[in-house]
Number of protein chains: 2
Amino acid sequence: MPSAASAFLTVPARGGRAVRLDAGEAIEIVNTHGSQVVDTWALSTADPSEYLSMEQTRRMLFKLWPQQGDALYSNRRSKMLAMELDTSPGIHDTLFACCDRWVYANYGCPPGHANCHDNFHVALEALGIAPPLVPNPLNLWMNIPVSDNRRLAIEPPVSRPGDRVVLRALMDCAVVMSACPMDVTPINGAGCRPMDVQYRVLARAA
Amino acid sequence: MPSAASAFLTVPARGGRAVRLDAGEAIEIVNTHGSQVVDTWALSTADPSEYLSMEQTRRMLFKLWPQQGDALYSNRRSKMLAMELDTSPGIHDTLFACCDRWVYANYGCPPGHANCHDNFHVALEALGIAPPLVPNPLNLWMNIPVSDNRRLAIEPPVSRPGDRVVLRALMDCAVVMSACPMDVTPINGAGCRPMDVQYRVLARAA
């Protein structure tokens, strides 16, 4: 029997949302239109200076990005999340920073472009959490192919409409999602059109 | 004619040092014994919340780690350092976090093990700089081979005694070095013996 779930909620295109999870609960993130990258973070609610760390996750998994069945680690080498389900082709990124005001300035965009860095802060502010820094995110569905074991590129996502990832909380934490506002590079598909995504909270398995 | 240089100074095994550089000056870091990894950071002295960013450097270079001739970027996409010279085989790492108290706790070491995270803070404190976070370092000579464009491993350095890297400051900054105290894995050579390294400051080219 499937575990209880909340109704689906929306992360609007270019926006962010944060959700508190008790240990054992999970978040299901749905790539509704298939082409949207979701910058994803997690922080311990007991101590927001403990956060999901791509540097430690790479080290503990000996992989550039996690796959279904993998644990994801905090900056204190604690297991924070488990990637319990991934219906997509399993291409995600941990190598590139989230977009921010400086990235868009570098591209020549006028000030005020929506960005994942600000979305992170705004989404957590709604939960009353003020983290000391913006960690490097898990960039769900972001397609940064590696070649020659060294070279990187930017390609559109290979995920499909309805693909979903389930992240199970292994400690009490807040999960933050930003539907990446990038519209300069094809990070969010060849059309460079940021889209909304859906999410819901899944109860602890019975 | 070679530019003027300070006398060589030592980063003791397991210890850290920080140096202020004016734009145009450079630091030469010598892997005296050949097997030592040096966790290396840089921060703007005008605003220590601007720091050398491995996430932005990978993005701007489209490489997993920099090579001789490459610029290294800050978290605001500004060029902060240039890797002007690298006499080693050019194997460095940007993927793994620096070691810290939690890493050694994870290995079962008793509390108090020297670590790069604390070395970073202590070295900058000596310069009167209190940064808001410990960024992910450029791990000079750290050998994290990538295979299948995805899988990671830990191998001893392939650098040789006397190999050196010159990092030229492209803005006023503080450079921090930690002679990594790791003695559990072969990060610092198969013998797992942290060693000292030498460095000196090179004047602005005439």
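Refer to the structure presented above.
*Asks:* It is not clear to me how the overall build of chain A should be interpreted in this structure. Could you clarify?
*Replies:* Helix and strand content of chain A: three helices and twelve strands. The principal-axis extent of the C-alpha atoms belonging to chain A is close to 50 × 40 × 35 Å. Burial analysis of chain A (206 residues in total) assigns 59% to the buried set. As displayed, chain A has an accessible area near 7800 Å², and 53% of this comes from carbon and sulfur atoms.

*Asks:* Can you walk me through the interface of chain A and chain B in this structure?
*Replies:* Interface size is commonly expressed as the accessible area that is lost once the parts come together. In this complex, chain A contributes 36 residues to the contact, which on the side of chain B involves 36 residues. When chain A packs against chain B, close to 3300 Å² is buried across both sides, 53% of that on carbon and sulfur atoms. Of all residues in chain A, the largest losses of buried area upon contact with chain B belong to A:Phe62, A:Asn149 and A:Arg150, amounting jointly to 22% of the total for that side. Taken together, the connections running from chain A to chain B amount to zero salt bridges. Across the contact surface, chain A and chain B share 17 residue pairs in polar contact (both at pLDDT 80 or more). At five residues, helix H1 (residues 54–61) of chain A tops the list of elements feeding residues into the side of chain A that touches chain B. Residues belonging to the side of chain A that touches chain B are distributed by class as follows: 17 nonpolar, nine polar and ten charged.

*Asks:* Teacher, can you tell me more about the packing of aromatic side chains here?
*Replies:* Each aromatic ring pair is described using two quantities: the centre-to-centre distance and the angle formed by the ring planes. Residue and element names in this part refer to chain A. Scanning the entire structure with this criterion turns up four aromatic pairs over all chains. Relative to Phe 120, the ring of Trp 41 has its centre 4.8 Å away and its plane inclined at 55°; by these criteria the two rings are tilted. On the criterion of sequence distance, the pair formed by Trp 41 in strand S4 (residues 38–44) and Phe 120 in helix H3 (residues 116–125) is long-range, its members being 79 residues apart. A cation over an aromatic ring shows up here: Arg 101 above the ring of Trp 102, its NZ or CZ 5.5 Å from the ring centre.

*Asks:* What is the right way to read the relation of the copies chain A and chain B from this model?
*Replies:* Applying a rotation about an axis and a shift along it to one chain copy brings it onto the other copy. For the pair chain A and chain B, the superposition axis carries a translation of 0.0 Å, the fit reaches an RMSD of 0.0 Å, and the rotation angle comes to 180°. The superposition of one copy onto the other is thereby described by a two-fold rotation axis. The C-alpha atom lying nearest the rotation axis in chain A is that of A:Asn149; the distance is 2.2 Å. A share of 100% of interface residues in chain A that are also interface residues in chain B marks the association as one of identical surfaces.

*Asks:* What is the right way to look at the layout of surface pockets in this model?
*Replies:* Taking a probe equal in size to a water molecule and rolling it over the atoms shows the remaining empty space. Taken as a whole, the largest pocket holds about 900 Å³ of empty space. In terms of lining residues, the largest pocket is bounded by 40 residues, among which A:Tyr51, A:Leu133, A:Val134, B:Tyr51 and B:Leu133 are the most central. Of all the secondary-structure elements, those providing two or more residues to the lining of the largest pocket are H1 and H3 of chain A together with helix H1 (54–61) and helix H3 (116–125) of chain B. Counting residues per element, the lining of the largest pocket draws most heavily on H1(B), at three residues. Split into classes, the residues belonging to the lining of the largest pocket amount to 20 nonpolar, 14 polar and six charged.

*Asks:* I keep staring at the state of the cysteines and nothing clicks. Help me out?
*Replies:* Here, the word disulfide means a covalent bond between the sulfur atoms of two cysteines. All names here are of chain B. Enumeration over the complete set of coordinates arrives at zero disulfides over all chains. Sulfur of Cys 99: no disulfide; nearest cysteine sulfur belongs to Cys 116 and is 3.8 Å away. Its relative accessible area of 6% is what places Cys 99 among the buried residues.

*Asks:* Hey, could you run me through H1(A) in this one?
*Replies:* Since the α-helix packs 3.6 residues into each turn, any two residues three or four apart lie on the same face. Residue and element names in this part refer to chain A. Of all eight residues making up H1, seven are buried, and the element is well covered by its neighbours. Taken residue by residue, H1 has Met 54, Glu 55, Gln 56, Thr 57, Arg 58, Arg 59 and Leu 61 as its buried positions. The N-cap residue of H1 is Ser 53: its side-chain oxygen and the backbone nitrogen of Glu 55 are 3.3 Å apart. Downstream of H1 by one or two residues, Phe 62 has phi in the positive range, about 55°.

*Asks:* Teacher, can you tell me more about the pattern of salt bridges here?
*Replies:* Side-chain pairs of opposite charge can arise where the charged atoms are in close proximity. Residues and elements named next belong to chain B. Per the stated rule, a full pass over the model turns up 18 salt bridges over all chains. For Arg 200, the salt bridge identified is with Glu 28, shortest N-O distance 2.5 Å. Pair noted here: Arg 200 is in strand S12 (residues 197–202) and Glu 28 is in strand S3 (residues 26–31), with a separation of 172 residues, a long-range link. Judged by its relative accessible area of 5%, Glu 28 is buried. Among the ionic pairs, Arg 58 bridges to Glu 55, the shortest N-O distance being 3.8 Å.

Rules used in this analysis
Residues numbered from 1 in each chain as written. Chains lettered and ligands numbered in written order. Predicted model: local features only at pLDDT ≥ 70, side-chain atom pairs only at ≥ 80, totals over all residues. Heavy atoms only, no water. Helix = DSSP H or I, 4+ residues; strand = E, 2+ residues; numbered from the N terminus. Buried < 20%, exposed > 50% of the residue type's maximum accessible area, 1.4 Å probe, protein only. Areas by Shrake-Rupley, 256 points an atom, 1.4 Å probe, with all protein chains shown as cover. Contact = heavy atoms within 4.5 Å. Buried area = accessible area lost by both parts, 1.4 Å probe. Salt bridge = Lys/Arg side-chain N within 4 Å of Asp/Glu carboxyl O. Polar contact = N/O pair within 3.5 Å; in protein donor to acceptor, adjacent residues only side chain to side chain. Nonpolar A, V, L, I, M, F, W, Y, C, P; charged D, E, K, R; others polar. Phe/Tyr/Trp six-rings, centres within 6.5 Å; stacked < 30°, edge-to-face > 60°. Lys NZ or Arg CZ within 6 Å of the ring centre and 35° of its normal. Least-squares fit on C-alpha atoms with pLDDT ≥ 70 in both. 1 Å grid on protein atoms, 1.4 Å probe; cavity = no way out; pocket = protein on both sides within 12 Å on 5 of 7 lines; lining within 4 Å. Points joined across faces, edges and corners; volume = space filled by probe spheres on them. Disulfide = S-S within 2.5 Å.

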